[in-house]
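Chain by chain, the residues run as shown.
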Amino acid sequence: ITIADSTGWTGIEDLNGVIPSNFELSQNYPNPFNPSTTIRYAVPVESKVSISIFNLLGQEITTLVSGVESAGYHEVQFNGMNLSSGVYLYRINAISTAGSKEFSSTKKLILLK
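In this report, the structure presented in the accompanying data block is examined. (Residues numbered from 1 in each chain as written. Predicted model: local features only at pLDDT ≥ 70, side-chain atom pairs only at ≥ 80, totals over all residues. Heavy atoms only, no water.)

### Some details on the side chain of S47
- Relative to the helices and strands, S47 is located in strand β5 (residues 47-54).
- Excluding anything up to four places from it in sequence, S47 contacts F23, G67, V68, E69, I95, S96 and T97. (Helix = DSSP H or I, 4+ residues; strand = E, 2+ residues; numbered from the N terminus. Contact = heavy atoms within 4.5 Å.)

### Points about the nonpolar core
- Of all hydrophobic cores here, the largest spans 18 residues; its most connected members are I39, Y41, V49, I53 and L109.
- When contributions to this core are tallied by element, the ones reaching two or more residues are β4 (36-43), β5, β7 (72-79), β8 (86-96) and β9 (102-111).
- The residues contacting V49, other than those within four sequence positions of it, are Y41, V43, V65, S66, G67, E69, I92, N93 and A94. (Core = buried A, V, L, I, M, F, W, Y, C linked by side-chain atoms within 4.5 Å. Buried < 20%, exposed > 50% of the residue type's maximum accessible area, 1.4 Å probe, protein only.)

### Examining the environment of T62
- On the secondary structure map, T62 appears in strand β6 (residues 60-69).
- In this structure the C-alpha to C-alpha distance between T62 and I51, which are eleven residues apart in sequence, comes to 8.8 Å.
- Apart from the residues within four sequence positions on either side, T62 is in contact with S52, I53 and F78.

### Things to note about the pattern of salt bridges
- The final tally for this structure, using the stated rule, is one salt bridge.
- Of the charged contacts in the structure, one is a salt bridge between E75 and R40, with a shortest N-O distance of 2.9 Å. Within this pair, whereas E75 is found in strand β7, its partner R40 is found in strand β4, the two being separated by 35 residues in sequence. (Salt bridge = Lys/Arg side-chain N within 4 Å of Asp/Glu carboxyl O.)

Structure, rendered in structure tokens:
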């Protein structure tokens, strides 16, 4: 998609069908959020993926994704409506179905009510 405005042309990349070269966990947006936020992640090969939310004591609050994901860019919504304001962590663990690639990453998210 290309959009023209008074400053020139702006391109917006459509990631459907694009295969990433590396695993990736993006920062959630919006952040801080109230009550929901989006978490994006990339999987370069078919992989077993788990994305979970934790409090700062390390207790798992919920699992957002648990299963095999195809190669590509994905996103998941997290709704913290039933949680208290505060800092939480989200973590991705991914293992390729062939077992040749592994990835783990953790990021902070902030719920403000």
